[in-house]
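Chain by chain, the residues run as shown.
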Amino acid sequence: MKYLLPSAFILILSGCAGEYTFNSNLDSDAINDYFKASDVTIYEGAVQPVGPFEIKGLVEGETCQVSENDAPASISEARTLARRAAADKQANGLLIKNCLLIEETSQNCVSRALCVGQAIVTTNNQQ
């Protein structure tokens, strides 16, 4: 028994040794595309960019609650979509002009959130 337990332990550990590779169906470009909104700084209200900046264009983000059972439309999701649109324009900042939550039921949406802003490129990315 004294020699059986250590030899069993060695056999178990040797089964775990080897060269294993990790294969995934995730595309690294898709992951970079998913997180590109995090590279865009939001400037809203009293927080304004420091220093000069170049306006790249107008962007918007919109979410829609299609049915009563879906998650309600949120301003934070609309803001994230606007950030992604700004990142698509190679901007590193987003000046939020207005965000609006519409809770009236329309033909297509139970509720809707919309954010509009300007995509900008700043030379100094501090708040």
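Thresholds applied
Think of each chain on its own: its residues are numbered from 1, step by step along the sequence as written. Given that this is a predicted model, residues contribute local features only at a pLDDT of at least 70 and side-chain atom pairs are listed and counted only at 80 or more, while totals for whole chains, interfaces and linings are drawn from all residues. Based on all heavy atoms of the structure, the side-chain values leave hydrogens and waters out of the count. Secondary structure is summarised from DSSP: a helix means a run of H or I of at least four residues, a strand means a run of E of at least two, and numbering begins at the N terminus for each. Only protein chains enter the area calculation, which uses a 1.4 Å probe; residues under 20% of their type maximum are buried, those over 50% are exposed, and those in between are partly exposed. What makes two residues a contact is simply this: any of their non-hydrogen atoms within 4.5 Å. Using a 1.4 Å probe, the Shrake-Rupley method yields the accessible areas, and only the shown protein chains count as cover for residues. Note on terminology: disulfide denotes any pair of cysteine sulfur atoms within 2.5 Å. Expected span, for any helix, means 1.5 Å times one less than how many residues it has. Each polar contact in these results corresponds to two N or O atoms within 3.5 Å; when the atoms are within protein, one needs to be able to donate a hydrogen and the other to accept it, and residues that are neighboring in sequence are counted only if both atoms are side-chain atoms. A residue counts toward a patch only above 30% relative accessible area and without a salt bridge, and it is joined to like-charged neighbours within 9 Å or, for Val, Leu, Ile, Met, Phe, Trp and Tyr, to nonpolar neighbours within 5 Å. Take a side-chain nitrogen of Lys or Arg and a carboxyl oxygen of Asp or Glu: if they are within 4 Å of each other, that pair is a salt bridge.

The name recorded for the protein chain in an unreviewed UniProt entry is Lipoprotein, putative, from Shewanella halifaxensis.

Undergrad: Is there a simple way to explain the overall build of the protein chain in this structure?
TA: Summing up its helical and strand segments, the protein chain has three helices and four strands in all. Listing each helix as α and each strand as β along the protein chain from the N terminus yields α-α-β-β-α-β-β. The burial tally for the protein chain puts 25% of its 127 residues in the buried class. Residue pairs at least 24 apart in sequence account for 74% of intrachain contacts in the protein chain once pairs closer than 6 positions are excluded. When the accessible surface of the protein chain is totalled, it reaches about 9200 Å², and 55% of it is carbon and sulfur.

Undergrad: Explain the state of the cysteines here, please?
TA: Formally, a disulfide is one covalent bond, and it connects the sulfur atom of one cysteine to the sulfur atom of another. Taken as a whole and judged by the stated rule, the model has two disulfides. Disulfide pairing places Cys 64 opposite Cys 109 at an S-S distance of 1.8 Å. Taking the sign of the S-S torsion, about -120° here, the bridge from Cys 64 to Cys 109 comes out left-handed. Residue Cys 64 is found in strand β2 (residues 53-65), and its partner Cys 109 is found in the loop between β3 (93-102) and β4 (111-122); the two are separated by 45 residues along the sequence. The buried category is assigned to Cys 109, whose relative accessible area is 6%. Through a disulfide, Cys 99 is tied to Cys 115; the S-S separation comes to 2.0 Å. With the S-S bond torsion at 115°, the cross-link from Cys 99 to Cys 115 turns out right-handed. With Cys 99 in strand β3 and Cys 115 in strand β4, this pair connects stretches of sequence that are 16 residues apart.

Undergrad: Would you explain helix α3 (residues 75-88) in this entry?
TA: Since the α-helix turns once every 3.6 residues, residues separated by three or four places project in the same direction. An ideal rise of 1.5 Å per residue puts 20 Å on 14 residues; α3 measures up with 20 Å between its terminal C-alpha atoms. Along α3, the residues that are buried comprise Ala 78, Ala 82, Ala 86 and Ala 87. Looking at the buried residues of α3, the elements they touch are β2, β3 and β4. Remark: Gln 90 follows α3 within two positions and exhibits a positive phi of approximately 60°.

Undergrad: What am I meant to see in the side chain of Ser 111 here?
TA: Within the secondary structure, Ser 111 is located in strand β4. Side-chain polar atoms of Ser 111 contact the backbone nitrogen of Ala 73, separated by 3.2 Å. Setting aside anything within four residues of it in sequence, one finds Ser 111 in contact with Thr 63, Cys 64, Gln 65, Pro 72, Ala 73, Ile 102 and Glu 103.

Undergrad: I would appreciate a short explanation of a nonpolar patch on the surface in the present structure.
TA: Among the surface-exposed residues, Leu 26, Ile 31, Tyr 34 and Phe 35 lie close enough to one another that they form a single nonpolar patch of about 460 Å² accessible area. Following the sequence through the fold, Leu 26 ends up in the loop between α1 (4-16) and α2 (28-34).

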